[in-house]
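Structural features, examined
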Protein chains: 2
Amino acid sequence: MLPNRHLARACGAILLATAALAQPSLAADVPKAREIPARVIPAPTDVSPELRQSIVGPFPAAELAAVRTGPTTAEEWRDLRARTAAADARTLAAMRAAFAVTIAPRSIAGVKTWVVTPAEVAAENRGRVLVHLHGGAYVFNGGEAAAIEAIPMAHFGRITVISVDYRLAPDHPFPAALEDAVAVWKEVIKTSKPRSAGLFGASAGGGLTLATVRRLKELRLPLPGAIAVGTPWSDLTKTGDSYYTNEFIDDVLVTGDGVLAAAAKLYVGANDPKNPLISPVYGDFSGFPPTLLTTGTRDLFLSNTVRVHRKLRRAGVDAELQVFEGMSHAEYVYLFNAPESREAFTEIAHFFSTHLAK
Amino acid sequence: MLPNRHLARACGAILLATAALAQPSLAADVPKAREIPARVIPAPTDVSPELRQSIVGPFPAAELAAVRTGPTTAEEWRDLRARTAAADARTLAAMRAAFAVTIAPRSIAGVKTWVVTPAEVAAENRGRVLVHLHGGAYVFNGGEAAAIEAIPMAHFGRITVISVDYRLAPDHPFPAALEDAVAVWKEVIKTSKPRSAGLFGASAGGGLTLATVRRLKELRLPLPGAIAVGTPWSDLTKTGDSYYTNEFIDDVLVTGDGVLAAAAKLYVGANDPKNPLISPVYGDFSGFPPTLLTTGTRDLFLSNTVRVHRKLRRAGVDAELQVFEGMSHAEYVYLFNAPESREAFTEIAHFFSTHLAK
């Protein structure tokens, strides 16, 4: 809407529009890439101090190299999982201190789960339940860490959450996680009305939420009344503009290479990574329940999120999108003491409250 | 949700969350900036061929320099406006060829407007009207070019659109554009029910849409039944993360320096650029009508858009957001033959159809 870039790209777009009309067949030699100069990007100013503090300065060159490589040996994987588990334990302790919830293990259909109950269940939520699918690239965050995102959800939503501690790769690649999610769902809807039950998760858990709904449709099983999908790993093929535009800008994932690519290989195995039960963005979204998607402007999975949102809307689904300023991948889950996190979970709770049957 | 960056930023976020809890006062020495290495960013693949073709390759160094400087003399401004007007004329001709609409000048309350009528007004829209405020940084796109965005809106929405050809800077700085918008609105609602009338625009027109609603509230005048705000210039102070993260990635605006900064100066004059009637993101959004916001992952104004969305939601407004993959600033307006443009306008039309009274 504004002239720029020598004559101006706004004018360029105008010229192009005109040219495209005059010449409907598209040129084969479409430019493929854009060179972006090295830049210094300041921390955003219109975010909370908590989020601002989480946005770090320069990446040391050695760390960048390590990120891009990712673990390559069984020992490096073991080491990374151990360090993740230690950090998870600290997060759990901090969340338990911050939120008055109880967390109890329960086996459901032979699958390990964690039932997270808030101090007080809201009256409107007494007949409702949420099933949660955790993130961690299908290789991390097993055990009680599975429940991390369920804690703020139970607290802010004043609702009972069942977190599925599904089997992880590499020991249990696709479709183990999906089978566990479906098995728990089938059991949950024996005692809850499906329309009173929601399904949610972030990152791999967001992708798995979408894959689970697709699988329930295939099996002609009742669908949830609503779902909340946080920055989903909806495409395991590294397709999506923000894999590139937000590379090194996202503080959490940093890059789609390295750890993320290595984890994808472990989960996908010999399957087609574009199988919609693995990369749900390639699936058909007709008949999906109302869906709320959450992401941030710095999220490496911004495109993974908005591509799903567009496809849901094209399928006529009641799908809403929230994008947080300056936020990297799933930061609202871990920065649970930031106002943005409270806001994200409160919106998700409101969405479930609006769409789930009582 | 995934370990990365040496130990891993996911773990980093966990550690930080824990640390922040243990030590609630935030450090004063928060890192302020991030060095991003030079990168090559491929054109996105999950976009239409039309949008893909509009995403260009490397910026020649000379062009980058020109963008960053912007016009500095009256002659350079004249030249830029003339070239923009010539490109606008080509766009208008192409749009007239593509869409069967009629465009008629009409003076309303002494303000120049263009009434755009589609080939057929939908039955449900016979008592409805949309008022349109064009983009162009408050300095470009006067005359019949004011109606460019109104043409696809009238066509896809099958609704009559009145496009306000408001006075432009530098001859008429703030608040001339706002006064013209309010004057037209007051006249329109003499013959249309306010709840049956919508207000929309992109870029400067998106910011002006928000400022107009605020001004109508101040004047205790009836508000529109719904508004559609495309990638609004909601903050003229270059605040917002995507001014930096999407610099040189946005094909249309490219950078917030140069032309954009120069135009802001002309419009703001001696006023406070944070005046909410100039930069509406700083205003109070309570009582706003239902709002649909549109942007893209490459948009320099992605933050200008999502910051407004969050503030609307915090104020309890029924506000929805759509973000198009790989799209730069307001590209859906000019790439009107791309599927994404049809989709954006169809969603906007659906939103008005849902929320405007008949």
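Bear in mind the structure is a predicted one, so any value in this text is a computation, not a measurement.

The next thing to look at is the sheet that holds strand β9 (residues 291-296) of chain A. All names here are of chain A. Read from one edge of the open sheet, eight strands run β3-β4-β6-β5-β7-β8-β9-β10, paired in mixed fashion. Two strands close off the open sheet at either side, each with one partner strand: β3 (101-108) and β10 (319-324). Averaged over all pairs of adjacent strands, the angle between their axes in this sheet comes to 20 degrees, without regard to strand direction. Sheet analysis places β3 next to strand β4 (residues 111-118), joined by eight bridges and oriented antiparallel. Its bridge partner lying in β4, arginine 106 is registered against threonine 113. Across the sheet, helix α7 (residues 204-218) touches β5 (129-133), β7 (197-202) and β8 (226-230), and the angle it forms with β7 is around 140 degrees. Each of β9 and β10 touches helix α10 (residues 302-314); the most contacted strand, β9, lies at about 155 degrees to it.

Attention now moves to the sheet that holds strand β3 (residues 101-108) of chain B. All names here are of chain B. As summarised here, the arrangement of the eight strands in space is β3-β4-β6-β5-β7-β8-β9-β10, forming an open sheet in which the pairing is mixed. Each of the sheet's edge strands pairs with one partner strand only, and the pair in question is β3 and β10 (319-324). For this sheet, the mean inter-axis angle between neighbouring strands, taken without regard to orientation, is 20 degrees. As defined by bridge partners, strand β7 (residues 197-202) adjoins strand β8 (residues 226-230) across five bridges and the pair is classed as parallel. Paired with glycine 198 across the two strands is alanine 226, which belongs to β8. Where helix α10 (residues 302-314) meets the sheet, its contacts fall on β9 (291-296) and β10, and the angle it forms with β9 comes to roughly 155 degrees.

The next point concerns the pattern of salt bridges. Per the counting criterion, the structure on display carries 40 salt bridges over all chains. Residues Glu120(A) and Arg158(A) are paired through a salt bridge, measuring 3.8 Å at the closest nitrogen-oxygen approach. Of this pair, Glu120(A) sits in the loop between β4 and β5 while Arg158(A) sits in the loop between α5 (150-157) and β6 (161-164), and the two are 38 residues apart along the sequence. By relative accessible area, Glu120(A) is classed as partly exposed at 48%. A relative accessible area of 38% means that Arg158(A) is categorised as partly exposed. Of the charged contacts in the structure, one is a salt bridge between Glu124(A) and Arg128(A), with a shortest N-O distance of 3.8 Å. Since its relative accessible area comes to 33%, Glu124(A) is described here as partly exposed. Here the salt bridges share partners, and the residues they tie into one network are Arg310(A), Arg313(A), Arg314(A), Glu343(B) and Glu347(B).

On to the packing of helix α5 (residues 150-157) of chain B against helix α12 (residues 339-355) of chain B. Residues and elements named next belong to chain B. Two numbers describe how α5 lies on α12: the axes approach to 9 Å, and their chain directions differ by 65 degrees. Seen along the crossing, α5 lies across α12 with a hand that is right-handed. Contacts from Pro152, Met153, Phe156 and Gly157 of α5 reach α12 at Arg342, Phe345, Thr346, Ile348 and Ala349. When grouped by side-chain class, the residues that make up the contact of α5 with α12 number six nonpolar, two polar and one charged.

All names here are of chain A. Here β6 shows no split at all, with Val161 and Ser163 on one side and Ile162 and Val164 on the other all buried. In this structure, β5 lies alongside β6, joined through four bridges in parallel fashion. Within the sheet, the bridge partner assigned to leucine 133 lies in β6 and is valine 164.

Before going further, it helps to spend a moment on α5(B). All names here are of chain B. Burial of α5 is extensive: six of the eight residues sit out of reach of the surface. Regarding α5, the residues found buried are Ala150, Ile151, Pro152, Met153, Ala154 and Gly157. Two residues or fewer after α5 comes arginine 158, characterised by a positive phi angle close to 50 degrees.

Criteria and cut-off values
- Residues numbered from 1 in each chain as written.
- Chains lettered and ligands numbered in written order.
- Predicted model: local features only at pLDDT ≥ 70, side-chain atom pairs only at ≥ 80, totals over all residues.
- Heavy atoms only, no water.
- Pairing = 2+ DSSP bridges.
- Helix = DSSP H or I, 4+ residues; strand = E, 2+ residues; numbered from the N terminus.
- Axes fitted to C-alpha atoms, helices over the stretch in contact; angles between N-to-C directions.
- Contact = heavy atoms within 4.5 Å.
- Salt bridge = Lys/Arg side-chain N within 4 Å of Asp/Glu carboxyl O.
- Buried < 20%, exposed > 50% of the residue type's maximum accessible area, 1.4 Å probe, protein only.
- Left-handed = near helix turned anticlockwise from the far one by under 90°.
- Nonpolar A, V, L, I, M, F, W, Y, C, P; charged D, E, K, R; others polar.

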